[in-house]
Amino acid sequence: MSTVEAPGGVTFLGVRHHSPACARLVAATVARLRPAYVLVEGPADLNGRMDELLGDHELPIAVFTAHRDGTRRHASWSPFCAYSPEWVALTAGRQVGAQLRFIDLPAWHPALSGRANRYADADQRYAEAVRRLCATLAVDNVDALWDHLFEIGPDDGLAERLDTYFDVLRGESAAGEDDTAREAYMARWVRAARRRAAGRPVLVVTGGFHRPALVRLTAGDDGADDDWPEVPAPAPDAVAGSYLVPYSFRRLDAFVGYQSGMPSPAYYQRVWEDGPRRAAEALTEAVAARLRTRRQHVSTADLIAARSMAGGLARLRGHAHPGRVDVLDGLVSALVTDALDQPLPWATRGTLAPGAHPVVVEMVAALSGDRVGRLHPDTPLPPLVHDVDAELARHRIDPHEAVELDLTVAGDLTRSRLLHRLRLLDVPGHVRERGPRVGADALLTERWSPAPSADRLARVIEAGGYGPTVLDAVTARIEERVTLLGADVDALATTLFDTALAGLPEHSTRTLTAIARATGSVTDLRALGRALAVALALWRHDRLLGSAGTAPLGALITAAVRRALWLVEGVRATAAPADPGRLTALVAVRDAVRHAGPALGLDRDGALAVAGRVAADPAAPPDLRGAALGLAWSLGDVPDAARAVRAVAAPDTLGDWLSGLFALAREEVVSGDAALLTVVDELLAAMGAYDFLVALPALRQAFGWFPPRERAEVARHVQALHGGDAPPSDLLRLDADPLLVAAARAVEERVDAVLTREGLWEGDRT
Amino acid sequence: MTALDPTAEGARRPPAVERAQRPPAEVRYADELAALAANDSDPRPPGWRLSLRAARRFILGDQAAGIRRKFVGDPSLIDRALVALATSRGLMLVGEPGTAKSLLSELLAAAVSGDSTLTIQGGAATTEDQIRYSWNYALLVADGPSPRALVPAPLLRGMAEGRVVRFEEITRCPLEVQDCLLSPLSDRVLAISELPGADAMVFAREGFNVIATANTRDRGVNEMSAALKRRFNFETVFPIPDLGTELELVEAEAGELLRRSGVAAPPRRDLLEVLVTTFRELRTGITERGDAMERLSAVMSTAEAVSVAHAVGLRGWFLRGEPGDAADLVACLAGTAAKDDAEDLARLRRYLEQQVSRRSGAQWRAVHDARHLLPG
């Protein structure tokens, strides 16, 4: 055995989290050393609950930790599956009667504040070294490199190879402040264990990145650390709690970027159980079975080709039998007979984007697996269960009675927020019958009626996965929802409203960035407009729900305005009818710039520039050109509207153009001398009967933007042009049935046509 | 068997090749191929000049052995391509134009057969004659069909000599013409029905295979017959995934082109960064911030970026005697990126107006200021 055995019989094993090869090494080492102490990288505050953790659970499970204080909120998971080296160290250690200790800082500690997954890879810290190794060994990425070096090779000399690997990587990179703090703390545990062991063996299992530092930090014996180090306690004003949650392979595989660890849990579970050769066969079978249930064609010839490709790739790459990437490459070569739209996820370490090839989708699903863990029934319940009951009692909400709330009363408002939070957590109990809604007039009362459900307790426990208290849980839930919704801005706007209802104005920076980011990729101008309108309304008026003027909304408005302007300039279609949805979006932009512009620093000049370009762009649809002109006008940049309207005076575009203009700038149109109306009147008078009929529907829609009062104003103006003296309201009302008028017109036209044909009349009907 | 002499045709190389504008890969990298072959102890598939591992080193480079890296992309792609060539299926390289598919096919052929010149260029007018064989009509009329009158085309030669045949832009050929590859690929035999006796069948020698390329912008691979698709392993070649690598490549290639054009000033790196970023964003339709936008319908490949960088350098040097600047870039973008497509021009203008204005950096600002140079 060559792994460094420090003085005093301490053996350091540096592992990659969730690596079956490392787990095998740990098991073999425990069996060989029969250590007195097994020290494992994990939350030290859980040392008193080792029995709970090692109970008779079905893996995977995780330790969930939530932490909240005045400035920071943090949730993180420490997942364990059957092949986690940490888990194997604990279970095997217990079997040989060793004392078990977690030796790392608690998950809520500031040194771990950036991590959602304690057992994520540390590889971003030595990306450059990994890149060079990959280039030298001609593999795509760190996962392929890892398989190549450790998982599918023989186990002889595995420990030496691991030590060399991590020494090389560690030698290249400086540890950050957080890592240094954690390593100093872990070293204190190691020193204490060594003194207590008094010459008996001690096994230390940590991430390979930390091993060289721990070896160095524990080299000397300062004699001071006889007692176990104390476990840091959270600040008095902070809330921190850890409890076990059932986990799943899917969630294990779902961490992305810097939080990700070993991918493909289902595959590595097979490697752990049956070895790499059998795992490769099982993977091929699983993919073929999945594809066949999806009615994708997989022939025997294809499978033979896949098998021989995988074998050939394994030989080329120097593997004794096909590894994960060999099998995947073989399958994709044999089964995909199209051009792919995106690179293979195992080559880029990326996630699947929509539109991935079905074969690749099934391959990734087969790798990931659908195993779900289960906790032993005696496992203590998550605190959320108690918190929900306590909160309901504190707010005097009886699960069996309807609740009537007046939102202007402080006590009722907090009760409403609690009910909304439970609704967002999918905890059954009450259903809202009425109350404030998105886009509806403000309602200041709510009514909730009881809706008892048999599986309420189960649902609360599930919700407990989000956090120990209602507030933590609902915050985590909202953040997850925001992530899942991606670019669905409509649903995001609803979520935004929900957060206001649930009283979460300070919902975190992450949520805020997510919404702003999603806004950046919306392509539907209408949906964006609706979202912007909701956000703007909340930002401006919502004193009731406490969201008026808050920074996250402000940032969202800024992002949405910028995106809307970007989208507006990209719409092209020269002869499309007016689209009220996108006109409303521009109205929202106008309102945002007008009312929130100074406070949020919105780019008024940028908006005017876009408006100017769109208004002058002959390839843009007429309604948008009109709306763009209206936008500029309503923002104070008075255009030559009379001239602009002449440019779009064709019967099939005039009405749409006016729709756009009136949607944005109707007040400007009727105020002052209303020169535009004069021109429109002139244009209409010059139209022939047929042209007028073509133009009529769109014109009707356009003037529909005016409320009755302003319509009367328009009528007065038109009357002044033609010198009539009836009250303007008469012009707006038609005494006869419109159908009758239309029939009369049709008769007149037929008569005209006959007269003209017979050469009896060649005048104009004026 | 035919009377074709397997050694005569392939080994003969006209001396003019050495002075060609662009000699084939096996000439350009002759020393590397020789060194690799000399030190190649791994098993070689039958008919191959190099082992798979040596072929991989030839393409991906090996610093220790002084082999240059010739292709930027995932190593696993090369692995799959080489193994596919060693099996009984052909290799189909698909991807956007300008992703170095043809270069890769040339390198593979040079590594496997030591010869990348058995090439069929697919096109609407490609006929079976150009793929399989045709006749010397004078001899045909005088003597009747005989091996002497036979004029072999690349496919027949590749089969008879045991070499890799390259079929460029296969999807641009009519479907019926594509299908003449079916029996050479599956049964590894080509029938010459005009010849009597044993000469009527040419059996492929070990080492024969086909590398086809197809680009996804023209007629894609969707129209290929299922029967032919099944005889190929498909590999999609993607544009270079990260900015740093692409920037390096563009800088090196454009610098080389400019030197050869007699331009003394190397391209400015900060301007190249703007250029490559612009190309990447217009190609993927996603900005660095993550905003989605419309992709240009024109090809925004690395090769195009190199040619724009070249043009920018030429403009700056020959018009003003200095490296190209942002104004040159905008002027060249219009011609190269937007070509004559009004839609693309509008998209490009929108990009310059709205996206570029939000970037910090002197060159980005300069590009924004020069946006009026776009025509139209």
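None of the values given here were measured: they were computed from a predicted structure. (Residues numbered from 1 in each chain as written. Chains lettered and ligands numbered in written order. Predicted model: local features only at pLDDT ≥ 70, side-chain atom pairs only at ≥ 80, totals over all residues. Heavy atoms only, no water.)

*Asks:* How should the sheet that holds strand 9 (residues 403-406) of chain A be read in this particular structure?
*Replies:* The pairing of strands in a sheet happens through backbone hydrogen bonds and is either parallel or antiparallel. All names here are of chain A. The strand order across the open sheet formed by 3 strands is 9-11-10, and the pairing between neighbours is antiparallel. Because the sheet does not close on itself, it has two edges, and the strands there are strand 9 and strand 10 (430-434). Put simply, the sheet's adjacent strands are angled 25 degrees from each other on average, direction ignored. Pairing analysis gives 4 bridges linking strand 10 to strand 11 (residues 445-450), with the strands arranged antiparallel. Residue pairing in the sheet places Arg432 in a bridge with Trp448 of strand 11. Of the strands in this sheet, strand 9, strand 10 and strand 11 touch helix 17 (residues 410-424), which is tilted by about 125 degrees from strand 9. (Pairing = 2+ DSSP bridges. Helix = DSSP H or I, 4+ residues; strand = E, 2+ residues; numbered from the N terminus. Axes fitted to C-alpha atoms, helices over the stretch in contact; angles between N-to-C directions. Contact = heavy atoms within 4.5 Å.)

*Asks:* What exactly am I supposed to notice about the confidence of the model for chain B here?
*Replies:* Detail in the predicted coordinates should be disregarded across regions flagged by low pLDDT. Residues and elements named next belong to chain B. When pLDDT is averaged along chain B, the result is 85; 93% of the residues meet or exceed 70. Mean pLDDT in chain B bottoms out at helix 1 (residues 8-11), which sits at 44, and peaks at strand 5 (residues 164-168), which reaches 94. Taken as a whole, residues 1-12 scores under 50 in pLDDT and shows 22 contacts with residues more than four places along the chain or in a different chain. Predicted complex metrics record ipTM = 0.80 and pTM = 0.71. (pLDDT = per-residue confidence, 0-100.)

*Asks:* What is the right way to look at the packing of aromatic side chains in this model?
*Replies:* Each pair of aromatic rings is reported with the distance of its centres and the angle of its planes. All told, the structure shown has 17 aromatic pairs over all chains when counted by the stated rule. Centroid distance Phe150 of chain A to Tyr165 of chain A: 5.2 Å. Interplanar angle 75 degrees. Geometry classified as edge-to-face. Residue Phe150 of chain A is found in helix 5 (residues 142-151), and its partner Tyr165 of chain A is found in helix 6 (residues 158-172); the two are separated by 15 residues along the sequence. The exposure class of Phe150 of chain A is buried, given its relative accessible area of 1%. Here Tyr165 of chain A falls in the buried class, since its relative accessible area comes to 8%. Sitting over the ring of Phe58 of chain B, Lys70 of chain B keeps its end group 4.3 Å from the ring centre. Above the plane of the ring of Trp566 of chain A lies Arg350 of chain B, whose end atom (NZ or CZ) is 4.0 Å from the centre. (Phe/Tyr/Trp six-rings, centres within 6.5 Å; stacked < 30°, edge-to-face > 60°. Buried < 20%, exposed > 50% of the residue type's maximum accessible area, 1.4 Å probe, protein only. Lys NZ or Arg CZ within 6 Å of the ring centre and 35° of its normal.)

*Asks:* Honestly, the pairing of strand 8 (residues 209-215) of chain B in this entry has me stumped. Any pointers?
*Replies:* Residues and elements named next belong to chain B. The buried fraction of strand 8 amounts to 7 of the 7 residues, a majority that puts the element mostly inside the structure. Of the two faces of strand 8, the one holding Asn209, Ile211, Thr213 and Asn215 and the one holding Val210, Ala212 and Ala214 are both buried throughout. Note: strand 1 (residues 90-95) against strand 8, 5 bridges, orientation parallel. Opposite Leu91, over in strand 8, you have Ile211 as the bridge partner. Sheet topology note: the strand 5/strand 8 ladder contains 4 bridges and is parallel. Following the sheet pairing, Val164 is matched in strand 8 by Asn209.

*Asks:* Explain the nonpolar core here, please?
*Replies:* Counting 113 residues, the largest nonpolar core has Val561, Val645, Leu658 and Leu661 of chain A together with Leu329 of chain B as the members making the most contacts within it. The residues touching Val645 of chain A, leaving out its near neighbours within four places in the chain, are Leu654, Trp657, Leu658, Leu676, Val679, Val680 and Leu683 of chain A. Counting 90 residues, the second largest nonpolar core, distinct from the first, contains Ala92, Val205, Ala305 and Leu344 of chain A. (Core = buried A, V, L, I, M, F, W, Y, C linked by side-chain atoms within 4.5 Å.)

*Asks:* Sorry if this is basic, but what is going on with the sheet that holds strand 2 (residues 119-121) of chain B here?
*Replies:* Residue and element names in this part refer to chain B. Here 5 strands make up an open sheet; going across it, the order is 2-5-8-1-9 and the pairing parallel. Strands at the two margins of the open sheet, each flanked by one partner only, are strand 2 and strand 9 (232-236). Neighbour-to-neighbour, the strand axes of this sheet turn through a mean angle of 20 degrees, independent of strand direction.

*Asks:* Explain the interface of chain A and chain B here, please?
*Replies:* Buried accessible area, meaning the area lost when the parts come together, often serves as the stated size of an interface. Facing 40 residues of chain A, the contacting portion of chain B comprises 37 residues. Note on chain A versus chain B: buried area summed over both sides is about 3300 Å², and carbon and sulfur give 53% of it. When the buried surface of chain A facing chain B is broken down by residue, Leu316, Arg562 and Trp566 of chain A rank first, second and third, together holding 22% of it. On the surface where chain A and chain B come into contact, there are 5 salt bridges. Counting the contacts that link chain A with chain B gives 11 residue pairs in polar contact (both at pLDDT 80 or more). Listing elements by their share of the side of chain A that touches chain B, those giving two or more residues are helix 12 (300-316), helix 13 (324-335), helix 21 (509-521), helix 23 (551-568) and helix 25 (604-615) of chain A. Top element by residues in the side of chain A that touches chain B is helix 12 of chain A. It accounts for 8 residues. (Buried area = accessible area lost by both parts, 1.4 Å probe. Salt bridge = Lys/Arg side-chain N within 4 Å of Asp/Glu carboxyl O. Polar contact = N/O pair within 3.5 Å; in protein donor to acceptor, adjacent residues only side chain to side chain.)

*Asks:* Is there a simple way to explain the environment of Met186 of chain A in this structure?
*Replies:* Residues and elements named next belong to chain A. Position of Met186 relative to the elements: it lies in helix 7 (residues 177-197). Looking at Met186, the relative accessible area reads 0%, which means it is buried. Between the alpha carbons of Met186 and Leu214 there is a distance of 7.5 Å; along the sequence they are 28 residues apart. In this structure Met186 touches Glu41, Ile103, Asp104, Thr206, His210 and Leu214, once residues within four positions along its chain are discounted.

*Asks:* Just to check I follow, could you spell out helix 30 (residues 689-703) of chain A for this structure?
*Replies:* Count 3.6 residues to each turn of an α-helix, and residues three or four apart come out pointing the same way. Here helix 30 of chain A is 15 residues long and its end C-alpha atoms lie 20 Å apart, about the 21 Å a rise of 1.5 Å per residue gives. Along helix 30 of chain A, the largest kink reaches about 45 degrees and is centred on Leu696 of chain A; proline Pro697 of chain A follows within four residues of it. (Expected span 1.5 Å × (residues − 1). Bend = angle between axes of the 7 residues up to and from the residue.)

*Asks:* Explanation requested: helix 16 (residues 383-394) of chain A in the structure shown.
*Replies:* Residue and element names in this part refer to chain A. When the terminal C-alpha atoms of helix 16 are compared, their 16 Å separation across 12 residues agrees well with the 16 Å that a helix rising 1.5 Å per residue should span. Those residues of helix 16 that sit buried are Leu384, Val385, Asp387, Val388, Glu391 and Leu392. Buried residues of helix 16, viewed axially, fall in a sector of 165 degrees; they line one side. Away from the buried face of helix 16 by more than 90 degrees, exposed residues His386, Ala393 and Arg394 are located. Looking one or two residues past helix 16, Arg396 carries a phi angle of roughly 50 degrees, positive in sign. (Arc of directions from axis to C-beta.)

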